[in-house]
Amino acid sequence: MLSIRVFGDNVLRKKATRIQSIDDDINNLINDMFLAMYSAEGIGLAAPQIGRSIRLFITDISPLVEDSKKEIFINPQIVEYGFEREDYEEGCLSLPTIREVVKRPSEIRLQWQDETGKEFDEWVDGYRARVIQHEYDHLEGKLFIDHISTLKRSLLKKTLKQITSGEIEVEMSEKFEL
Ligand code: NI
């Protein structure tokens, strides 16, 4: 089982590189990522979170959104944002026990490939857009706590230290984290 990297690991702060060919290695990795995500009761997982700095993330928001299915995003690119922004509480498997309200655009236009190499270009909204933006940040070396105020961030200092030192583990996360 792949282990999930947490705050303090440098791989989470690197900009991930494009995937050149969707080969067996990538497909095996995708399968292993789904296993790791489901076992941690997550609904989204980006490749840097398991130590691979490549532009790939997976989602399965079906526990929260009816009629949704698991999805694979390879070399995603946000090409446009809607005007509206909304608040939503986020959690992250790489930041166990932390939850904060983050303001993000409600709609995005995303281009990506799936595991067969098929290309997509769609406007996405709702919870799906929220999860995608959170995972996309992981590919840019960003975390959701980068979006909160300096004051709120300073209040998390002790918890962040405990995550870095291993006192707080992924197993202590709540359900449905990203
Ligand atoms: Ni996350």
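Residues numbered from 1 in each chain as written. Predicted model: local features only at pLDDT ≥ 70, side-chain atom pairs only at ≥ 80, totals over all residues. Heavy atoms only, no water.

Peer 1: Could you give an account of helix α4 (residues 157-165), with specific residues and numbers?
Peer 2: Side chains three or four residues apart in an α-helix point the same way, a direct result of the helix having 3.6 residues per turn. For α4, the complete set of buried residues consists of Thr159, Leu160 and Ile163. Buried residues along α4 cover an arc of 100° about the axis, so they all sit on one side. Projecting away from the buried face of α4 at angles above 90 degrees are the exposed residues Lys157, Lys158 and Lys161. Against the buried residues of α4 lie α3 (150-155). One or two positions beyond α4, positive phi appears at Gly166, with a value near 90°. (Buried < 20%, exposed > 50% of the residue type's maximum accessible area, 1.4 Å probe, protein only. Helix = DSSP H or I, 4+ residues; strand = E, 2+ residues; numbered from the N terminus. Arc of directions from axis to C-beta. Contact = heavy atoms within 4.5 Å.)

Peer 1: Requested: an account of the pairing of strand β6 (residues 108-113), with residues and values cited.
Peer 2: The pairing of strand β3 (residues 71-81) with β6 spans 5 bridges and is classified as antiparallel. Pairing of Gln77 across the sheet is with Gln111, part of β6. Note: β6 against strand β7 (residues 119-124), 6 bridges, orientation antiparallel. Of the residues in β7, the one forming a bridge with Gln111 is Asp121. Between β6 and the antiparallel strand that follows it, β7, lie 5 residues; Gly117 among them carries a positive phi value of about 95°. (Pairing = 2+ DSSP bridges.)

Peer 1: A description of the pattern of salt bridges should follow, citing residues and the corresponding values.
Peer 2: All chains considered together, the criterion is met by 17 salt bridges. Note that Asp137 is salt-bridged to Arg104, the shortest N-O span being 3.0 Å. A residue pair is termed long-range when its members are at least 10 positions apart, and Asp137 in helix α2 (residues 126-139) and Arg104 in strand β5 (residues 99-105) qualify at 33 residues. The salt bridge involving Arg153 is made with Asp146; its shortest N-O contact spans 3.3 Å. Here Asp146 falls in the partly exposed class, since its relative accessible area comes to 31%. One connected set of salt bridges, linked through shared partners, spans Glu90, Arg104, Arg130 and Asp137. (Salt bridge = Lys/Arg side-chain N within 4 Å of Asp/Glu carboxyl O.)

Peer 1: Tell me about helix α1 (residues 24-39), and name the residues and values.
Peer 2: With 16 residues, α1 extends 23 Å between its outermost C-alpha atoms, agreeing within 8% with the 22 Å of an ideal straight helix rising 1.5 Å per residue. Restricting attention to buried positions, one finds in α1 the residues Ile26, Leu29, Ile30, Met33, Phe34, Ala36 and Met37. Buried positions in α1, seen along its axis, are confined to an arc of 165° and lie on one side of it. Across α1 from its buried face, at more than 90 degrees, point the exposed residues Asp24, Leu35 and Ser39. Along its buried surface, α1 packs onto β1 (44-46), β2 (56-59) and β3. (Expected span 1.5 Å × (residues − 1).)

Peer 1: With reference to specific residues and values, describe the packing of aromatic side chains.
Peer 2: In the structure shown here, the tally under the stated rule is 5 aromatic pairs. In this structure an aromatic cluster arises from ring pairing among Phe57, Phe73, Trp112 and Phe120. Taking the ring centre of Tyr136 as reference, the NZ or CZ of Arg55 above it sits at 5.9 Å. Positioned above the aromatic ring of Phe34, the side-chain terminus of Lys70 is 4.5 Å from the ring centre. (Phe/Tyr/Trp six-rings, centres within 6.5 Å; stacked < 30°, edge-to-face > 60°. Lys NZ or Arg CZ within 6 Å of the ring centre and 35° of its normal.)

Peer 1: How would you summarise the sheet that holds β3 if you had to cite specific residues and measurements?
Peer 2: Read from one edge of the open sheet, 5 strands run β1-β2-β3-β6-β7, paired in antiparallel fashion. Each edge of the open sheet is held by one strand with a lone partner, namely β1 and β7. Going from strand to strand, the sheet's axes swing by 35° on average, the running direction of each strand aside. Across the face of the sheet, α1 comes into contact with β1, β2 and β3 while running at roughly 40° to β2. (Axes fitted to C-alpha atoms, helices over the stretch in contact; angles between N-to-C directions.)

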